[in-house]
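A look at the structure
Each chain, written out:
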Amino acid sequence: MALQWLILSYVVAAEVAIAIILTFPYPMLLKKRIVSLVSLILNPAASVVAFSGFQLLDIYWKNEHRLMCSSEVCTTTERDRYEKSIYKAQRNVVLCAAGILLYWCIFRICKYHKDLERLEELEKRCKDE
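This structure is a prediction, so every number in the text was calculated from the model and none was measured.

1. So, the environment of Ala 50
Here Ala 50 is to be found in helix H3 (residues 47-64). Each C-alpha atom of the pair Ala 50 and Asp 128 lies 46 Å from the other, and the pair is 78 residues apart in sequence.

Here's what the structure looks like:
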């Protein structure tokens, strides 16, 4: 079960690195190449959104069907196990939300750079005429 969270954490770390690389000020030629490379990666990487959404639904279902340990009948180890599972679920929700949000940010940054490039090209054509 932990493999899916390990993979998702690596994907989120890669998304953070890509977002940082996209926001650095580079020369225009290098920036265009980086944006085009990341844009090619974005289509297959869209599966991160579906995977994170599925994991969020799984966390919700497990939370709804989790055994409550709030009475005095529970032992301390059972209560500790219950609290630990709650903390893990909260951490995993933050990880899934970060994956979705970072994908959206990277998508919007690439779209912004493409629109900017298109407008610069249009402006250049208008000046030439």
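2. Digging into the packing of aromatic side chains
Tallied over the entire structure, the rule returns one aromatic pair. When the ring of Phe 24 is compared with that of Tyr 26, the centres are 6.2 Å apart and the planes differ by 80°; the resulting orientation is edge-to-face. For Tyr 26, a relative accessible area of 29% corresponds to the partly exposed category.

3. As for the pattern of salt bridges
Taken as a whole and judged by the stated rule, the model has four salt bridges. Ionic pairing is found between Asp 58 and Lys 62, a salt bridge with its closest N-O pair at 3.3 Å. In this pair, Asp 58 and Lys 62 both sit in helix H3, four residues apart, roughly one turn of the helix. On the accessibility criterion, Asp 58 (19% relative accessible area) is buried. We classify Lys 62 as partly exposed; its relative accessible area is 35%. Two residues, Lys 127 and Glu 123, come together in a salt bridge whose shortest N-O distance is 3.8 Å. Of this pair, Lys 127 and Glu 123 are both found in helix H4 (residues 76-128), four residues apart, which corresponds to roughly one turn of the helix. A residue is classified by how much of its surface remains accessible, and Lys 127, at 65% relative accessible area, is exposed.

Reading the values: the criteria
- Residues numbered from 1 in each chain as written.
- Predicted model: local features only at pLDDT ≥ 70, side-chain atom pairs only at ≥ 80, totals over all residues.
- Heavy atoms only, no water.
- Helix = DSSP H or I, 4+ residues; strand = E, 2+ residues; numbered from the N terminus.
- Phe/Tyr/Trp six-rings, centres within 6.5 Å; stacked < 30°, edge-to-face > 60°.
- Buried < 20%, exposed > 50% of the residue type's maximum accessible area, 1.4 Å probe, protein only.
- Salt bridge = Lys/Arg side-chain N within 4 Å of Asp/Glu carboxyl O.

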